[in-house]
Each structure stands twice: as structure tokens, then as C-alpha cells.
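Reading the structure
For reference, the chains in residue letters:
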Amino acid sequence: MRFLLRISGLIDAVNNGIGKLVYWLVLAAVVVSSVNAVVRYSINYSSNAWLELQWYLFAAIFMLCSGYTFLRNEHIRIDIILGRFSRRAQAAVDVFGIVVFLFPMAILIMWLSWPMFMDSFRTGEMSSDAGGLIRWPAKLLVPVGFFLLSAQGLSELIKRIAFLAGVIDQPGEKMHSH
């Protein structure tokens, strides 16, 4: 179990590092959006590339931080009932949810999105809008984001099982706080 917890710690560190790097993408998205708006309204000039760059940055923020969000236990939950359960029961429900819902969904999306990325990459797919950007970087974000989410799911599964086995005292930073 200690070996698995070290793997969990490594996954946590990777997603934590990616999450902190992506903070800078938020700043980049704000700057690009602001400059685009100022230029559009001050000199009446706009570019589809700048608009698409904003979308790509938003997609990168959303997809690359999915694992980080799970690590921080900040994903959306409705805990009206589950919040009344013991921590052990909550951990057991999390194990069930990760195995039955998260892994199949994330693996299926990775599996289905990879060929779309590869096709886009091989063909050099471009935006259909004049002056638009290449499409494959945005399409790559989908399988990468779901890989990071799956990896964090594995880490959380390891921690929940270790908690249920009595190996660790607490399975995550926050548990069911929303």
C-alpha cells in the first residue's frame, strides 16, 4: 500500500504543478481578451485568430485543470445526503463513483477523442473561419485533460482505499465540503 501511496503522491504532485502553471493561462486569457476588446472598439479591428486564441486558452484552463480540481476536491457536488454520512461511508461512495462512473467515462472520452486529434494533426486541420488557427492543439486538450483526470481518479481511489484500510487518516485535502 505504501508503494501505491507514493504513486498517488506523484500523481498529486504532477496535477498540482500543472494546476499552478495553468493559473498563468488565466492571466493570458484575460490579457488576450482585454487587448482584443480594446483593439476592436478603439480602432475597429478584429481577428478570428485572437478570438480563437481566447477559446483555446479557456479550453486549456478547463481541460488541464480537471485533475487539479479533483485533487483539491473542488469539483461540483451536491452533498445534501452524502454530507450526513460518516467519513468512511463518504470514502466508500467515492470509491464506487470513481470505479463505476469516473473511470469508464474518462477512458471512453480519451479513447474516442484520440482519433479525432490524430486526424486533425495528420491533415493539418485549420479553422473554417478566415484567419483562424490550427485545430489540433485544441483537440489534443481533450484526451490530455481526461488522462489527467483519470490519473487523479487513480490517486484518489488509492487514498480512499488506504483510508478505508486504516493506513492513512485522511483521504484528501477536503472531503465533501460543498
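A few points on the structure. (Residues numbered from 1 in each chain as written. Predicted model: local features only at pLDDT ≥ 70, side-chain atom pairs only at ≥ 80, totals over all residues. Heavy atoms only, no water.)

So, on to the side chain of Ser155. Along the chain, Ser155 falls in helix α5 (residues 136-164). Relative accessible area serves as the criterion here: at 0%, Ser155 is assigned to the buried category. Setting aside anything within four residues of it in sequence, one finds Ser155 in contact with Ser8, Ile11 and Asp12. (Helix = DSSP H or I, 4+ residues; strand = E, 2+ residues; numbered from the N terminus. Buried < 20%, exposed > 50% of the residue type's maximum accessible area, 1.4 Å probe, protein only. Contact = heavy atoms within 4.5 Å.)

Per the stated rule, a full pass over the model turns up five salt bridges. The closest approach of N and O atoms between Asp12 and Lys159, which form a salt bridge, is 2.9 Å. Highlighted residues: Asp12 in helix α1 (residues 2-42) and Lys159 in helix α5, separated in sequence by 147 residues. A relative accessible area of 10% places Lys159 in the buried class. Linking Arg160 and Glu156 is a salt bridge whose minimum nitrogen-to-oxygen distance equals 2.6 Å. Note that Arg160 and Glu156 are positioned in helix α5 at a spacing of four residues, about one turn of the helix. The residues Arg160 and Glu156 share a single accessibility class, namely buried. One salt-bridge network, held together by shared partners, links Asp12, Asp94, Glu156, Lys159 and Arg160. (Salt bridge = Lys/Arg side-chain N within 4 Å of Asp/Glu carboxyl O.)

To continue, consider a nonpolar patch on the surface. On the surface, a nonpolar cluster with roughly 660 Å² of combined accessible area is contributed by Leu21, Tyr23, Trp24, Leu27, Val31 and Val35. Position of Leu27 among the secondary structure elements: in helix α1. Overall, Leu27 belongs to the partly exposed group, its relative accessible area being 45%. (Patch = residues over 30% accessible without salt bridge, like charges linked within 9 Å, V, L, I, M, F, W, Y side chains within 5 Å. Areas by Shrake-Rupley, 256 points an atom, 1.4 Å probe, with all protein chains shown as cover.)

With their axes 9 Å apart at the nearest point, α1 and helix α2 (residues 48-64) run at an angle of 160 degrees to one another. Classified by the interaxial angle, the pair formed by α1 and α2 is roughly antiparallel. When you trace α1 past α2, the crossing you get is left-handed. Residues Ile18, Val22, Leu25, Val26, Ala28, Ala29, Val32, Ser33, Asn36 and Arg40 of α1 pack against Trp50, Leu51, Leu53, Gln54, Leu57, Ala60, Ile61 and Leu64 of α2. Partitioning the contact of α1 with α2 into residue classes produces 14 nonpolar, three polar and one charged. (Axes fitted to C-alpha atoms, helices over the stretch in contact; angles between N-to-C directions. Parallel < 35°, antiparallel > 145°, perpendicular 65-115°, else oblique. Left-handed = near helix turned anticlockwise from the far one by under 90°. Nonpolar A, V, L, I, M, F, W, Y, C, P; charged D, E, K, R; others polar.)

Before going further, it helps to spend a moment on the packing of aromatic side chains. The description of two aromatic rings rests on the distance between their centres and on the angle between their planes. Taken as a whole and judged by the stated rule, the model has seven aromatic pairs. Ring geometry for Phe96 and Phe101: centres 5.9 Å apart, planes at 80 degrees, overall edge-to-face. The interplanar angle of 50 degrees and the centroid separation of 5.0 Å between the aromatic rings of Trp114 and Phe117 together place this pair among those described as tilted. With a gap of three residues between them, Trp114 and Phe117 both fall in helix α4 (residues 87-123), about one helical turn apart. Here the aromatic residues Trp114, Phe117, Phe121 and Trp136 are joined through ring pairs into a cluster of three or more. (Phe/Tyr/Trp six-rings, centres within 6.5 Å; stacked < 30°, edge-to-face > 60°.)

The next subject is the environment of Gly132. In this fold, Gly132 is placed in the loop between α4 and α5. For Gly132 and Ile43, which are 89 residues apart along the polypeptide, the C-alpha to C-alpha distance reads 20 Å.

Turning to the side chain of Ser8, a few remarks are in order. Residue placement: Ser8 occurs in helix α1. What makes Ser8 buried here is its relative accessible area of 1%. What Ser8 contacts, discounting residues up to four positions off in sequence, is Ser155, Ile158 and Lys159.

Look at Asn44: it is not a glycine, yet its phi comes out positive at around 55 degrees. For Asn44, the location among the structural elements is in the loop between α1 and α2. Although it is not a glycine, Asn73 sits at a positive phi angle of roughly 55 degrees. As for its position among the elements, Asn73 is in the loop between α3 (66-71) and α4.

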